[in-house]
Amino acid sequence: MNQNDLKKAAALVALEYVEEGSIVGVGTGSTVNHFIAGLEGIRDRVAGAVSSSEASSARLAALGIPVIDLNDVTDLPIYVDGADEIDGDFNMIKGGGGALTREKIVAEVATRFICICDASKQVNLLGHFPLPVEVLPMARALVERKLQQLGGHPVLREHFITDNGNLILDVHGLRIAAPTELESAINQIPGVVTNGLFARRGADLLLLATANGVERHVARHSA
């Protein structure tokens, strides 16, 4: 199986967790695109979806799945999304596609965060993948200096604007031994909207696609 096959395998297993008549939280990215495609086959079972990006919203709408504003939702049983990296404690780096802020908001509302990814995304220590940080345009230089003080090397993601109209700084060179603390520290920098560390709200269930099948791992805080 190639990497795309593994992504699809994890995404299809996630469909088993969609509750009858529920609204589904849907993330963003190549792995989630397989999940969205799978939703077409069970669209009569779902009341609609809350999406974390304009791209996912467009895919859902094209399949006839109602896209619902998060402000109109009080109950979101699951949120399904991928990860750029995930460690043994289910802390993640997300935001390679630039949708980290909306992803973090939808994840916070959901009762259960289901992470779908292939085995290449599992790491012992976060930070090999550059950490995305969404920033207000006027604060870019300030945030760059502050991130350098934290030991990172921020690089502006060129020719990219988020769905919220902001910039992304990708921070290289970090070895993230304390992800919860670093997530909070970066979010305290004036001008930062949020960063791609999902530690304060990590995954509850990991569906990890391997050559031997999709493994199901439950986070210790959810066991």
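Use the structure listed above.
Chemist: Can you help me understand the packing of helix α2 (residues 30-39) against helix α3 (residues 54-62) in this one?
Modeler: Axis angle and axis distance: for two packed helices, these are the angle between their axes and the distance between the axes, and together they describe the pair. At a closest axis distance of 9 Å, the pairing of α2 and α3 adopts a crossing angle of 20°. Classed by the angle they form, the pair α2 and α3 counts as roughly parallel. Where α2 crosses over α3, the handedness of that crossing is right-handed. In this structure, α2 uses N33, I36 and L39 to contact α3, whose residues at the interface are S56, R59 and L60. In terms of residue class, the contact of α2 with α3 is made up of 3 nonpolar, 2 polar and 1 charged.

Chemist: Would you take a moment to explain the sheet that holds strand β10 (residues 192-195) for this structure?
Modeler: Neighbouring strands of a sheet are bound in pairs by backbone hydrogen bonds; such pairs are parallel or else antiparallel. Across the sheet, 4 strands lie side by side as β8-β9-β7-β10; this open sheet has antiparallel pairing. Each having just a single partner strand, β8 (153-156) and β10 make up the two edges of the open sheet. Pairs of neighbouring strands in the sheet enclose a mean axial angle of 30°, with direction left out of account. Looking at chain direction, strand β7 (residues 131-135) and β10 are connected through 3 bridges and run antiparallel. By the bridge assignment for β10, V135 is matched with V192. On top of the sheet, helix α4 (residues 100-109) reaches β7, β9 (167-172) and β10; it is set at about 70° to β10, its chief contact.

Chemist: Any chance you could explain the side chain of D204 here in plain terms?
Modeler: If you trace the backbone, D204 turns up in the loop between β11 (197-198) and β12 (205-210). Look at D204 and you get buried, because its relative accessible area is 6%.

Chemist: I keep staring at the nonpolar core and nothing clicks. Help me out?
Modeler: One recurring pattern in soluble globular proteins is that nonpolar side chains are buried together. One finds V18, V26, F35, L39, I114, I116 and L207 to be the most contacted residues of the largest nonpolar core, which totals 27 residues. Going through the elements one at a time, α1 (3-14), β1 (22-26), α2, β2 (46-51), β3 (78-81), β6 (112-118) and β12 are the ones with two or more residues in this core. A total of 5 residues in this core trace back to one element, the largest contributor, which is α1. The contacts of V26, once residues within four sequence positions are left out, are V32, F35, I36, L39, A49, V50, S51, S52, L60, Y79 and V80.

Rules used in this analysis
Residues numbered from 1 in each chain as written. Predicted model: local features only at pLDDT ≥ 70, side-chain atom pairs only at ≥ 80, totals over all residues. Heavy atoms only, no water. Axes fitted to C-alpha atoms, helices over the stretch in contact; angles between N-to-C directions. Helix = DSSP H or I, 4+ residues; strand = E, 2+ residues; numbered from the N terminus. Parallel < 35°, antiparallel > 145°, perpendicular 65-115°, else oblique. Left-handed = near helix turned anticlockwise from the far one by under 90°. Contact = heavy atoms within 4.5 Å. Nonpolar A, V, L, I, M, F, W, Y, C, P; charged D, E, K, R; others polar. Pairing = 2+ DSSP bridges. Buried < 20%, exposed > 50% of the residue type's maximum accessible area, 1.4 Å probe, protein only. Core = buried A, V, L, I, M, F, W, Y, C linked by side-chain atoms within 4.5 Å.

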